[in-house]
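# Descriptive structure summary
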Amino acid sequence: FEQMFSGIFGTSKSRTDEETRFVVDDIDVETAFAPQEHPDELLIELAENAEENIFFMIYVFTLDDLANALVRASVRGVTVSGIVDEGFAEGDGAAMMTILRNGGINLGIDVNPWAWHHKVMIVDPQGENPVVAVGSGNWTWSMGHGNDESYVIVRDREVVRDFLEEFQAWQN
């Protein structure tokens, strides 16, 4: 944040050497600040390491590499389900929705166009290593390569359960 307070933004910022993974009250927490720490790559890694389930809620999703990672997870037997914004899904995102559906991903649509602003990925909530990633950035190229964004990755069963309950509430 010091760089932004000094008027340095986006790709002009330099990467810090500070630790990005912490334990807070016995909860494993990791941070990723874009563009330097590439939260897009962390999301792809989470999808690639999923063993049972991936649930996601996202407003804008145009990141091909992440879509491919989710499809690969689905192909290898991971159940992948998402909820996306109706306005995006029926507009600029229609092609991405087709790619995801054709890849075996179950998609729900939030029917309040342009108001769905979650940016969440939940991985293996009932598994041995439940994790949730939540942040400010939509899943776009700019999120990982230009915009100032932040993501927090939490590895804690109770926190993951809270996000899964939010997903399930919107899914029904």
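Our structure's up above, just so we're on the same page.
Since we're looking at a predicted model, the values are computed, not measured.

## Points about the packing of helix H2 (residues 39-49) against helix H3 (residues 64-75)
How two helices pack is summed up by the angle between their axes together with the distance between the axes. At a minimum axis distance of 8 Å, the contact between H2 and H3 shows a crossing angle of 10°. Accordingly, the angle class assigned to the pair H2 and H3 is roughly parallel. Two secondary-structure elements touch here, H2 through Leu43, Ile44, Ala47 and Glu48 and H3 through Asp65, Leu66, Ala69, Leu70, Arg72 and Ala73. Class assignment of the residues belonging to the contact of H2 with H3 gives a composition of seven nonpolar, no polar and three charged.

## Describing the packing of aromatic side chains
For the structure on display, the rule yields five aromatic pairs. With 6.0 Å between their ring centres and 85° between their planes, Phe56 and Phe61 make a pair best called edge-to-face. Each ring, one from Phe56 and one from Trp139, has its centre 5.6 Å from the other, and the planes form 50°; the classification is tilted. Residue Phe56 is found in strand E3 (residues 53-58), and its partner Trp139 is found in the loop between strand E7 (131-135) and helix H6 (141-145); the two are separated by 83 residues along the sequence. Linked through ring pairs, Phe56, Phe61 and Trp139 together constitute an aromatic cluster.

## Some thoughts on the pairing of E7
Here strand E6 (residues 119-123) runs beside E7; their pairing, made up of four bridges, is antiparallel. Looking across to E7, one finds that Met121 is bridged to Ala133. Pairing geometry for E7 and strand E8 (residues 149-155), over four bridges, is antiparallel. The partner of Val132 across the bridge, within E8, is Val154.

## What to know about the nonpolar core
Counting residues in each nonpolar core, the largest one holds 49 residues, and the members touching the most others are Ile54, Phe56, Phe61, Leu66, Leu70 and Trp139. By residue number, the principal contributor to this core is H3, which donates six residues. Leaving out residues up to four positions away in the same chain, Leu70 has contacts with Ala47, Ile54, Phe56, Phe61, Val80, Ile105 and Met121.

## Re helix H5 (residues 94-102)
Within the span of H5, buried status applies to Met96, Met97 and Leu100. Seen along its axis, H5 keeps its buried residues to an arc of 100°; they face one direction. What points out from H5, more than 90 degrees from its buried face, is the exposed set Ala95 and Asn102. Where H5 is buried, its residues touch E3, H3, strand E4 (79-85), helix H4 (86-89) and strand E5 (106-110).

Rules of the game
Residues numbered from 1 in each chain as written. Predicted model: local features only at pLDDT ≥ 70, side-chain atom pairs only at ≥ 80, totals over all residues. Heavy atoms only, no water. Axes fitted to C-alpha atoms, helices over the stretch in contact; angles between N-to-C directions. Helix = DSSP H or I, 4+ residues; strand = E, 2+ residues; numbered from the N terminus. Parallel < 35°, antiparallel > 145°, perpendicular 65-115°, else oblique. Contact = heavy atoms within 4.5 Å. Nonpolar A, V, L, I, M, F, W, Y, C, P; charged D, E, K, R; others polar. Phe/Tyr/Trp six-rings, centres within 6.5 Å; stacked < 30°, edge-to-face > 60°. Pairing = 2+ DSSP bridges. Core = buried A, V, L, I, M, F, W, Y, C linked by side-chain atoms within 4.5 Å. Buried < 20%, exposed > 50% of the residue type's maximum accessible area, 1.4 Å probe, protein only. Arc of directions from axis to C-beta.

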